[in-house]
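Chain residues, written in single-letter form:
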Amino acid sequence: MYDVSKMQNTASTLFSAYASLAASMMLVRTMANDLIPKSLLTYIQSAISYLFTPLSSQLTIIIDEQCGMTRNQVYEAAEIYLRTKIGPNADRVRAHKTPKQKNINVSIEKDEEISDVYGVVQLKWKLVSVEPQDRSYTPEKRFFELSFNKKFKESVLNEYLPFVLTKAKEIQDNDRAVKLYTRDCPCGSDEDGYGYGGGGGGVWGSINLDHPATFDTLAMEPDMKKMIIEDLDRFVKRRDFYKKVGKAWKRGYLLYGPPGTGKSSLIAAMANYLKFDIYDLELTSLYSNSELRRILISTSNRSIIVIEDIDCSVEMHDRNLGHQPADTKLTLSGLLNFIDGLWSNCGDERIIVFTTNRKEKLDPALLRPGRMDMHIHMSYCTNQSFKILAFNYLGIRDHRLFLEIEGLIKNVEATPAEIAEELMRSEDADVVLEGVVNLLKRKADEANRIKDEKSPSTPEDDEKDEIEEEKVDEGEIQEAKRLRTEMLLHTLRNQRRGRMRIGRPNRGRRGRW
């Protein structure tokens, strides 16, 4: 049997030792807090913690949604790529479908983990979302955590992540529709299920660009279309060339001409041809150069930035004409810097398109090469463009009225929009082409009438009119003189005849005597 007294002594000894140790520790802690600087104390604590922490073989890469003020392309690519890697073991996913999508799309939900394999490398993705604590308008912070074994660091950075970027681009090009972005609906739509390439931070909203315009259906001279297509192809293939010569990889176009000549259709055809998104930028909604810069860097690469009716948007007229400044801090110099200054280098493979109805009102500084590299005149309907419209709307390449229409259209200013409106009135080719003939004849008559009413008289014409009037007056005077002379002669003859009749003897009576 155990000796109870010994057990009590042992317990008392243990408690006494514990109490002494606790008191000593408290004394040491108090002295450390009082005597050792706080920064040094924190360093000692972290060092002790590091010594007792087991070494990890895993490395985690943080991939933020935003990279400074712009979107992180690695994040966007991962977002698209991981949608193809969601397996049956996923606990939570997001499902969405818009009216224009054929299939239901799924995407990863926050805090979900997705496993992937690249060669012999085992990787794990996790989406993390952190909401702002102050309930401000700041959007939530989202990022991916990519974990793998440390010994595969170089392989992941140099091979796997570039593979993700390439794969995401292939998926995007094959599946997504061209987007039309505007600042009027900052909530966005993301109808094709891809966030890749969209402006972040609620700056832009988007819809699918369902415009059917292509270069095949565009009512334009074939030579002009060929020139534009060749210029676009040359632009997208010359990344290394632009880098070699030290120029920003961008291209500027100016589309000018009267309304209804197809400027907007040409922009849609360019976007559909290149698969570039369109950013519709309304300058009147901007109030400063800094806001313009912020809008510029929020656009994506491989996009078309459109500024329509630039002559009406802000005071960008010719400075020599003496226009008064508008009530805005957006200046011409700010726009020029946006086009080809330092801020124009914030992005690659961008096309900037300006449209105007009156090119002559623009400041010459806007028109020089490097800002508007290619000037495209959108003219009135020609014979070639009419034939394209006739085939698009009626499916015909020849008709008995074509010759008459071609003869009229050369001397008449009719826009493709006006011709297209006539071609839509019926499916009967004879009926609609008769309508086109009547339209062109009315326009010709109206043009002649306006020309007659508004044609100013020249000094030469006035001098000719005065000479003609003088000739008329002189002729009238000569005619009056001639008539008076004839009347006088006639009167004299009558008087002479009367005197001769009075003085002549009466032979009849004399014979009777």
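The rules behind the values
Residues numbered from 1 in each chain as written. Predicted model: local features only at pLDDT ≥ 70, side-chain atom pairs only at ≥ 80, totals over all residues. Heavy atoms only, no water. UniProt positions renumbered as here; feature names shortened; annotations may be inferred. Helix = DSSP H or I, 4+ residues; strand = E, 2+ residues; numbered from the N terminus. Buried < 20%, exposed > 50% of the residue type's maximum accessible area, 1.4 Å probe, protein only. Contact = heavy atoms within 4.5 Å. Areas by Shrake-Rupley, 256 points an atom, 1.4 Å probe, with all protein chains shown as cover. Polar contact = N/O pair within 3.5 Å; in protein donor to acceptor, adjacent residues only side chain to side chain. Phe/Tyr/Trp six-rings, centres within 6.5 Å; stacked < 30°, edge-to-face > 60°. Lys NZ or Arg CZ within 6 Å of the ring centre and 35° of its normal. Salt bridge = Lys/Arg side-chain N within 4 Å of Asp/Glu carboxyl O. Core = buried A, V, L, I, M, F, W, Y, C linked by side-chain atoms within 4.5 Å. Pairing = 2+ DSSP bridges. Axes fitted to C-alpha atoms, helices over the stretch in contact; angles between N-to-C directions.

The name that an unreviewed UniProt entry assigns to the protein is Transitional endoplasmic reticulum ATPase-like, with the source organism given as Nicotiana sylvestris. Regarding the protein, the relevant UniProt record gives this comment under Cofactor (unreviewed entry): "Mg(2+)". Recorded under Sequence similarities (unreviewed entry), the UniProt text for the protein is reproduced unchanged: "Belongs to the AAA ATPase family. BCS1 subfamily."

## Regarding the overall build of the protein
Within the protein, the secondary structure is distributed over 17 helices and 15 strands. Relative to its full complement of 513 residues, the protein shows a buried share of 35%. Restricting the contact set of the protein to residue pairs at least 6 apart, pairs at least 24 apart contribute 69%. For the protein, the exposed surface amounts to about 33,000 Å²; the carbon and sulfur share of it is 53%.

## A few points about helix H3 (residues 73–81)
Among the nine residues in H3, seven count as buried, and that is most of the element. The set of residues buried in H3 consists of Tyr75, Glu76, Ala77, Ala78, Glu79, Ile80 and Tyr81. Among the residues of H3, the N-terminal cap falls to asparagine 72, whose side-chain oxygen and the backbone nitrogen of valine 74 are separated by 3.0 Å.

## Some points on the packing of aromatic side chains
Two numbers describe a pair of aromatic rings. These are the distance of the centres and the angle of the planes. Under the counting rule described, the total for this entry stands at 13 aromatic pairs. A centroid spacing of 5.7 Å and a plane angle of 90° characterise the contact between phenylalanine 215 and tyrosine 273, whose relative ring orientation is edge-to-face. Taken together, the positions of phenylalanine 215 in the loop between strand E10 (205–208) and helix H5 (222–236) and tyrosine 273 in helix H7 (residues 263–274) put the pair 58 residues apart, joining distant regions of the chain. Ring geometry for phenylalanine 241 and tyrosine 242: centres 6.1 Å apart, planes at 85°, overall edge-to-face. Through successive ring pairs, a cluster of aromatic residues spans Tyr75, Tyr81, Tyr118, Trp125, Phe144, Tyr160 and Phe163. Here the basic side chain of arginine 238 rests over the ring of phenylalanine 241, its NZ or CZ set 3.9 Å away from the ring centre. Of note, lysine 359 hangs over the ring of tyrosine 256, and the distance from its end group to the ring centre comes to 4.5 Å.

## So, the pattern of salt bridges
Counted according to the given criterion, the structure contains 14 salt bridges. Note that aspartate 116 is salt-bridged to lysine 85, the shortest N-O span being 3.8 Å. Of this pair, aspartate 116 sits in strand E6 (residues 113–118) while lysine 85 sits in the loop between H3 and strand E4 (93–96), and the two are 31 residues apart along the sequence. You can call lysine 85 partly exposed: its relative accessible area is 33%. Among the ionic pairs, glutamate 404 bridges to lysine 441, the shortest N-O distance being 3.5 Å. Of the two residues, glutamate 404 is situated in helix H13 (residues 402–409) and lysine 441 in helix H15 (residues 429–454); the sequence distance between them amounts to 37 residues. Relative accessible area serves as the criterion here: at 35%, glutamate 404 is assigned to the partly exposed category. For lysine 441, a relative accessible area of 38% corresponds to the partly exposed category. Several salt bridges converge on common partners, so that one network encompasses Glu65, Arg71, Glu76 and Arg142.

## A closer look at the nonpolar core
Of all hydrophobic cores here, the largest spans 29 residues; its most connected members are Leu266, Met270, Ile304 and Ile351. Of all the elements in the fold, those that place two or more residues in this core are H5, strand E11 (250–256), H7, strand E13 (303–307), strand E14 (350–356) and strand E15 (374–377). Considering each element in turn, this core owes the most residues, seven residues, to H7. Beyond its immediate chain neighbours, meaning those up to four positions away, isoleucine 304 contacts Ile267, Met270, Ala271, Phe276, Asp277, Ile278, Tyr279, Ile351 and Val353. With 27 residues, the next largest nonpolar core counts Tyr181, Leu281, Leu286 and Leu292 among its residues.

## Re the sheet that holds E14
Read from one edge of the open sheet, seven strands run E10-E9-E12-E13-E14-E11-E15, paired in mixed fashion. Since the sheet does not close on itself, it has two edges, and those belong to E10 and E15, each with one partner. Adjacent strand axes in the sheet meet at a mean angle of 25°, parallel and antiparallel pairs treated alike. Across four bridges, strand E12 (residues 277–280) lies against E13 in parallel orientation. Each bridged residue has a counterpart across the sheet, and for isoleucine 278 the counterpart in E13 is isoleucine 304.

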